[in-house]
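# Per-entry structural report
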Amino acid sequence: MPSTFYVTTPIYYINSDPHIGSAYTTIIADVVARYKRMMGYDTFFLTGTDEHGQHVLRSAQAAKKDPKEFSDELARRFVNLWKELEISNDAFVRTTDDYHVKTVQLFFQKMYDKGDIYLGKYEGWYCVNCETFWTDKDLDENNLCPTCQRPLEHVKEENYFFRLSKYTEPLLKHFREHPDFVGPDFRRNEMLRILEDGLEDVSVSRTSFNWGVPVPFDSKHVVYVWFDALVNYVSAIGYGWDEEMFNKYWPADVHFIGKEINRFHSLVWPAMLMSMELPLPKKIFAHGWLTVNGEKISKSRGNAVDPRVLIKAYGIDAVKYYLLRDIQFGNDGDFSEDNLIVRINADLANDLGNLIHRTLSMISQNFDSLPAPSEVGAYDDEIEKLTIETIKEYFRFMDEFKFTEALTNVWKLVKFGNKYIDLTEPWLLARDISKKARLATVLYNLSDLIRNVAIMLSPILVKTSDNIFKKLGQKFEGIETLGWHKTISGVKIVVGEPLFPRIDTKKWKKVINMTKEEAQKTNENSQVTIEDFSKLDLRVARIVKAERIPKSEKLLRLILDVGGEERQIVAGIAKIYTPESLIGREIIIIYNLKPTKLMGVDSNGMLLAAKDSNKLRILTVDGQIDPGAKIS
Ligand code: ME8
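Residues numbered from 1 in each chain as written. Predicted model: local features only at pLDDT ≥ 70, side-chain atom pairs only at ≥ 80, totals over all residues. Heavy atoms only, no water.

### Side note on the packing of helix α1 (residues 20–38) against helix α12 (residues 316–326)
When two helices pack together, you describe them by how their axes are tilted relative to each other and by the distance separating the axes. Stated formally: Lines fitted to C-alpha atoms define the axes, with helix axes restricted to the stretch in contact, and inter-axis angles between N-to-C directions lie between 0 and 180 degrees. A helix here means a DSSP run of H or I that spans at least four residues, while a strand means a run of E at least two residues long, and both kinds are numbered starting from the N terminus. In this scheme, roughly parallel covers angles under 35 degrees and roughly antiparallel covers those over 145, while 65 to 115 is roughly perpendicular and the rest are oblique. Every residue pair with non-hydrogen atoms within 4.5 Å of one another is taken to be in contact. Polarity classes work like this: nonpolar for Ala, Val, Leu, Ile, Met, Phe, Trp, Tyr, Cys and Pro, charged for Asp, Glu, Lys and Arg, and polar for all others, with Gly in that last group.
Running from N to C, α1 and α12 point in directions that differ by 85 degrees, and their axes come no closer than 11 Å. Regarding the angle of α1 to α12, the classification is roughly perpendicular. Facing Ile-20, Tyr-24, Ile-27, Ile-28, Asp-30 and Val-31 of α1, the residues of α12 in contact are Lys-320, Leu-323 and Leu-324. Classifying every residue of the contact of α1 with α12 by side-chain character gives 7 nonpolar, no polar and 2 charged.

### Quick notes on the packing of aromatic side chains
Cut-off, in case you're wondering: Here is the rule: rings of Phe, Tyr and Trp (six-membered ring for Trp) pair when centre to centre is within 6.5 Å. Planes less than 30 degrees apart are stacked, more than 60 are edge-to-face, and the remainder are tilted. The criterion for a charge sitting over a ring is simple: Lys NZ or Arg CZ within 6 Å of the ring centre, and within 35 degrees of the ring normal.
Tallied over the entire structure, the rule returns 43 aromatic pairs. Ring centres of Phe-256 and Phe-401 lie 5.1 Å apart, and the angle between their planes is 70 degrees; this geometry places the pair in the edge-to-face category. Of the two residues, Phe-256 is situated in strand β12 (residues 254–258) and Phe-401 in the loop between α14 (380–399) and α15 (403–424); the sequence distance between them amounts to 145 residues. Linked through ring pairs, Tyr-6, Phe-44, Phe-107, Tyr-233, Tyr-239, Phe-246, Tyr-249, Trp-250 and Trp-269 together constitute an aromatic cluster. The aromatic ring of Phe-397 is capped on one face by Arg-396, whose charged end is 4.6 Å from the ring centroid. When the ring centre of Tyr-591 is taken as origin, the NZ or CZ atom of Arg-539, which lies over that ring, is 3.7 Å away.

### Some details on the site of the ligand
Condition: We call a residue near a molecule or strand whenever a single non-hydrogen atom of that residue lies within 4 Å of it. Here a polar contact is recorded for every N or O atom pair within 3.5 Å, except that within protein the pair must consist of a potential hydrogen donor and a potential acceptor, and residues adjacent in sequence are included only if both atoms are side-chain atoms.
Neighbouring the ligand are 24 residues; Ile-11, Thr-25, Asp-50, Glu-260 and Leu-290 lie closest to it. Between the ligand and Tyr-13 there is a distance of 2.9 Å, counted from an oxygen atom to a backbone nitrogen or oxygen. Leu-290 has a polar backbone atom sitting 2.8 Å from a nitrogen atom of the ligand. Elements with a minimum of two residues in the shell around the ligand: β1 (4–13), α1, α7 (225–230), α8 (232–235) and β12. Residue contributions to the shell around the ligand peak at 4 residues, all from β1. Looking at the shell around the ligand residue by residue, the classes come out as 13 nonpolar, 9 polar and 2 charged.

### Quick word on the nonpolar core
The condition is simple: Working definition of a nonpolar core: buried Ala, Val, Leu, Ile, Met, Phe, Trp, Tyr and Cys residues. They are joined through side-chain atoms within 4.5 Å. Between buried and exposed lies partly exposed: a residue is buried under 20% and exposed over 50% of the maximum accessible area for its type, with that area taken using a 1.4 Å probe on protein chains only.
Of all hydrophobic cores here, the largest spans 103 residues; its most connected members are Phe-256, Tyr-314, Leu-323 and Phe-335. Sort the elements by how many residues they give to this core and helix α17 (residues 436–457) lands first, with 13 residues. The contact partners of Tyr-314, leaving out residues within four places of it in the chain, are Val-319, Glu-337, Leu-340, Ile-341, Ile-344, Ile-503, Trp-508, Lys-510 and Val-511. Membership of the second largest hydrophobic core comes to 68 residues, among which are Phe-44, Phe-108, Val-234 and Trp-269.

### Structural notes on the sheet that holds strand β2 (residues 42–50)
This is how the line gets drawn: Paired strands, in this sense, are two strands between which DSSP finds at least two bridges.
Strand order in the open sheet made by the 6 strands is β3-β2-β1-β12-β13-β7, with parallel pairing throughout. This sheet does not close on itself; its edge strands, each paired only once, are β3 (91–94) and β7 (182–183). Summarising the sheet, β1 and β12 pair through 2 bridges and their orientation is parallel. Counted as the bridge partner of Thr-8 is His-255 from β12.

### As for the environment of Ser-336
Considering the arrangement of structural elements, one finds Ser-336 in the loop between β16 (333–335) and α13 (337–366). Among the residues examined, Ser-336 registers a relative accessible area of 9% and is labelled buried. Between the C-alpha atom of Ser-336 and that of Leu-290, which follows or precedes it by 46 residues, the distance is 10.0 Å. The contact partners of Ser-336, leaving out residues within four places of it in the chain, are Asn-293 and Tyr-322.

### Some details on the packing of helix α11 (residues 307–314) against α12
Close contact between α11 and α12 brings their axes to 7 Å; oriented N to C, the two are set at 110 degrees. Classified by the interaxial angle, the pair formed by α11 and α12 is roughly perpendicular. Where α11 approaches α12, its residues Leu-310, Ile-311 and Tyr-314 are matched on the opposing element by Ile-316, Ala-318 and Val-319. For the contact of α11 with α12, the residue count by class is 6 nonpolar, no polar and no charged.

### Quick word on the sheet that holds strand β15 (residues 295–296)
Read from one edge to the other, the open sheet built from 3 strands follows the order β15-β14-β16, with strand pairing classed as mixed. Both outer strands of the open sheet, β15 and β16, are each paired with one neighbouring strand and no more. Judged from the 2 bridges that link them, strand β14 (residues 290–292) and β15 form a sheet pairing that is antiparallel. Within the sheet, the bridge partner assigned to Val-292 lies in β15 and is Glu-295.

### Some points on the pattern of salt bridges
Using the following cut-off: Here, a salt bridge means any Lys or Arg side-chain nitrogen found within 4 Å of an Asp or Glu carboxyl oxygen.
Scanning all chains against the criterion turns up 44 salt bridges. As a salt-bridge pair, Asp-30 and Lys-320 come within 3.8 Å of each other at their nearest N and O atoms. Of this pair, Asp-30 sits in helix α1 while Lys-320 sits in helix α12, and the two are 290 residues apart along the sequence. The exposure class of Lys-320 is buried, given its relative accessible area of 0%. Between Lys-65 and Glu-73 there is a salt bridge, and its shortest N-O distance comes to 3.2 Å. Through salt bridges with shared partners, a single network forms among Glu-51, Lys-68, Asp-72 and Arg-94.

### Focus: unusual backbone geometry
With an omega of -10 degrees, the peptide bond running from Gly-183 to Pro-184 counts as cis. Within the secondary structure, Pro-184 sits in the loop between β7 and α6 (185–197). Geometrically, the link from Trp-250 to Pro-251 is a cis peptide bond, its omega value of 5 degrees lying close to zero. The topology assignment puts Pro-251 in the loop between α9 (243–249) and β12. The backbone phi angle of Met-599 is positive, close to 50 degrees, even though this residue is not glycine. Relative to the assigned elements, Met-599 resides in the loop between β21 (596–598) and β22 (601–603).

Below, the structure is given as structure tokens:
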């Protein structure tokens, strides 16, 4: 049986825009999922959106939208963001999905039948923003929500209650028997303290509104949004609808969450699972909170940074590297744009970028292909030993979610690579033909170090690692190839451009607090020159024939007249345009795009279309113009 690994993020409330804080947890979970896949685990990575409850309902009402329509629109933002951030989730759960709703009802019914849910009256405080009940003893003199510091509402409702108190002792026992159940240790200790005080029963239904999962046996009630949300971790992997999948992945190996929702995950959720007689997750890891440039992330401060702005300006790999390297996972941390730039210049451009560029340049100047090792010499033992040690330490740190340490350790090797160049002086070896064999070994050793670094970085710097492999003419053939002297020699290498250009801090405008559009316009990195633009040959084309491509919902085959020349292109617009509606229309195409095949059909060019969050429209010209006309 292959081993499985199941990792989750919190499911995010749809009514706040995703920011660098929500992206942080998802990026971490993605790194872990990629690492586990690389290690050969059959990995399942889940994220999603939390769409029920009073807060979402009120936001929908404020936007004058039906809550389901509102949710559909906003959930898409998360789906799209994760795509842009190259998040490799295997599923995306929405709490409005049918299978999820049914599973929540199954939980509620079973727990009720067992006597763990009973009808009662709730009177106390409620934070609509955090969807959390609070009692007087939780509050200080300001009567604000202890988590988000917003005003609370007084609630008096008939509610169903979950007999959480019954699970105090079983939970204490579980915590004692599984010291690693909650991480980091100081978060486990916080939970233990709450447990030692004894748990009180909690409200698990609401009656004052109806945007939620209906309680199966009492239509006046909807299930409390947190009860509903926590069930996502099992509903998404088949509980109640695909037993085989559920048994394959449950219990989860790790739930990654922020510290403010630890109580729900480490106390309420395990108690619900105990009530359902299901195994508990192996680990809950509650990380700290990020601030941005020293301030709490909030819309009103304007620092709820859209992660897209950052990746546009700095690149996804650099942002990820910075987050994992500079912020000690588990503790609170600050996202500082200055420090991000320092990391890019020092670690990525200088240490890693230079090592690779120097090595590849010397190979291309002195050999036709990547040379095989030949004559051994001084410092070879050292580079081998350090590579092997680094790999060992890397596994240890990654397995413990110690990303800062894992990267610091890899960088020790990167720095040693540069030092090895200084010590072995390959530029001197290159001057003397009798030293060619030694030069071959030095450059092979460096290539091998770089290849090992690329493998270790691959769960984090996905694109960069892929690029390094291409530059070295290598293919990643599995984790067994992580080790000394497993680089294939005799292959063509590609020097190309350095991987990370240095940021000139004198000219650079920082992007935090900018909108996506401003950021795009401001920095040279994301600007194109007129020469760049002139590489594109854009032309007007008239559609003369259009038809659906069999077995494809999205694709149309279009025959175009481009100034007397007939062209065929394939366009993904079948869901929006019928073939008939397109005949005779004048569209804009990229004329000099490399031809490709889509669903086996040749496509020679691409039409341009504009897209917002839910519409797509083809670009046309303002009035009649001859097909073939150039766009400039
Ligand atoms: O709580 N720093 O959703 P949510 C680090 N729907 N992480 C942060 C952060 C910050 N400043 N801000 C947000 C909910 N996060 C519930 C969860 S799960 C069954 C239901 C991350 O949209 C962090 O992971 O408020 C935090 O726990 C989560 O976003 C809260 O997301």
